Amino acid sequence: MRDIILILSEIMNQIHDILMVRVGINMTDKQLHFWVIGFIGLATFLIVFVLVKLIQLLKFHTTILSFIFTFIMMTVFVFAIEIQQAITNSGNMEFADAIAGLWGFIVFFAIYTVIAGILYGMFRLVRGKKTGRKPPKQNKKSSTPIVEKNPAYYKAEIRPESNGGTADEQNEKPIRTRTEARKQKESIRQK
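Quick caveat, the model's predicted, so the values are computed rather than measured. (Residues numbered from 1 in each chain as written. Predicted model: local features only at pLDDT ≥ 70, side-chain atom pairs only at ≥ 80, totals over all residues. Heavy atoms only, no water.)

J.: Is there a simple way to explain the overall build of the chain in this structure?
T.: The helix and strand inventory of the chain stands at seven helices and zero strands. Secondary structure of the chain in N-to-C order comes out as α-α-α-α-α-α-α. Out of the 191 residues in the chain, the part that is buried amounts to 12%. The long-range fraction of contacts in the chain, counting pairs at least 24 apart against all pairs at least 6 apart in sequence, stands at 41%. Put simply, the chain shows about 16,200 Å² of open surface, and 66% of that area lies on carbon and sulfur atoms. (Helix = DSSP H or I, 4+ residues; strand = E, 2+ residues; numbered from the N terminus. Buried < 20%, exposed > 50% of the residue type's maximum accessible area, 1.4 Å probe, protein only. Contact = heavy atoms within 4.5 Å. Areas by Shrake-Rupley, 256 points an atom, 1.4 Å probe, with all protein chains shown as cover.)

J.: Explain unusual backbone geometry here, please?
T.: As a rule of thumb, non-glycine residues mostly have phi less than zero, and peptide bonds are mostly trans rather than cis. One non-glycine residue with positive phi stands out, namely N89, at about 55°. Along the polypeptide, N89 turns up in the loop between α3 (61-88) and α4 (95-127).

J.: What should I look at first to understand the packing of aromatic side chains in this one?
T.: Geometry of an aromatic ring pair is reported as the spacing of the ring centres plus the angle between the planes. The final tally for this structure, using the stated rule, is 10 aromatic pairs. An angle of 35° between the planes, with centres 6.4 Å apart, marks the rings of F71 and F105 as tilted. Highlighted residues: F71 in helix α3 and F105 in helix α4, separated in sequence by 34 residues. Taking the relative accessible area as the measure of exposure, F105 reaches 17% and is therefore buried. Here the aromatic cluster, defined as three or more aromatic residues joined through ring pairs, consists of F67, F71, F105, F109 and Y112. (Phe/Tyr/Trp six-rings, centres within 6.5 Å; stacked < 30°, edge-to-face > 60°.)

J.: How should the packing of α3 against α4 be read in this particular structure?
T.: How two helices pack is summed up by the angle between their axes together with the distance between the axes. In the contact formed by α3 and α4, the axes pass within 9 Å of each other and the chain directions differ by 150°. Here α4 runs roughly antiparallel to α3, going by the angle between their axes. Once α3 is placed against α4, the crossing between them reads as right-handed. Two secondary-structure elements touch here, α3 through T63, F67, T70, F71, M74, T75, V78, F79, E82 and Q85 and α4 through F95, D97, A98, L102, F105, I106 and F109. Residue composition of the contact of α3 with α4, grouped by class: 11 nonpolar, four polar and two charged. (Axes fitted to C-alpha atoms, helices over the stretch in contact; angles between N-to-C directions. Parallel < 35°, antiparallel > 145°, perpendicular 65-115°, else oblique. Left-handed = near helix turned anticlockwise from the far one by under 90°. Nonpolar A, V, L, I, M, F, W, Y, C, P; charged D, E, K, R; others polar.)

J.: Help me understand the confidence of the model for the chain, please; the structure alone is not making it clear to me.
T.: Low pLDDT marks stretches whose predicted atomic positions should not be read closely. Predicted confidence across the chain gives a mean pLDDT of 77, with 72% of residues reaching 70 or more. Below a pLDDT of 50 lies the segment residues 156-162, which in the model reaches seven contacts outside its immediate sequence neighbourhood of four places, other chains included. (pLDDT = per-residue confidence, 0-100.)

J.: Before we go on, may I ask you to explain helix α2 (residues 29-55) in this structure?
T.: Two residues of an α-helix separated by three or four positions point the same way, owing to the 3.6 residues in each turn. Its 27 residues give α2 an end-to-end C-alpha distance of 37 Å, which sits within 8% of 39 Å, the value for a rise of 1.5 Å per residue. At its buried positions, α2 is contacted by α1 (2-22) and α3. (Expected span 1.5 Å × (residues − 1).)

J.: I keep staring at the side chain of Q85 and nothing clicks. Help me out?
T.: Within the secondary structure layout, Q85 lies in helix α3. In this structure Q85 touches S90, G91, N92 and D97, once residues within four positions along its chain are discounted.

This is the structure we're talking about:
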């Protein structure tokens with residue numbers, strides 16, 4: 001564990017030296033941290049953003065995102081404990097201890113997943129549903145569908161042509177929803 005921290009600090013020192021000597025940029029430690037951590041943070045955000053968008057397409061996306069967030073928090077927590085042990089000399093600072101702690105979380109989460117999966121399967125079996133998603137709730141305040149006048153329909157009634165208009169005009173029905181109105185407008189545009 002101590003070796004990993006020393007390696008990471010050596011990498012940061014190398015980046016600092018490369019920027020100062022080879023590139024010719026003279027920065028203090030605060031400025032270096034500002035630029036390097038800022039860049040790494042933004043790059044990480046963009047990668048995580050794309051991954052979260054992809055995960056949202058999956059069925060149990062909330063569970064997956066919760067696991068990832070918790071795993072990251074547990075990783076920070078475990079390494080904070082190891083660093084605290086090194087500072088206070090209350091234990092040995094070892095990478096193996098951190099890994100053992102994270103394995104504990106993964107095992108407990110796996111047990112939870114198995115139990116939750118069994119309960120979910122039993123619930124679906126009892127309810128007899130083929131999908132896990134509930135149908136969308138209907139708004140209780142919904143009014144009657146919007147009725148728009150179809151000009152072609154009403155023109156057919158008043159035209160003096162034989163049998164009340166052309167065959168197309170006789171077969172048309174009044175528009176009752178916005179979707180039907182939109183489809184009619186699109187078909188008129190295409191003609």
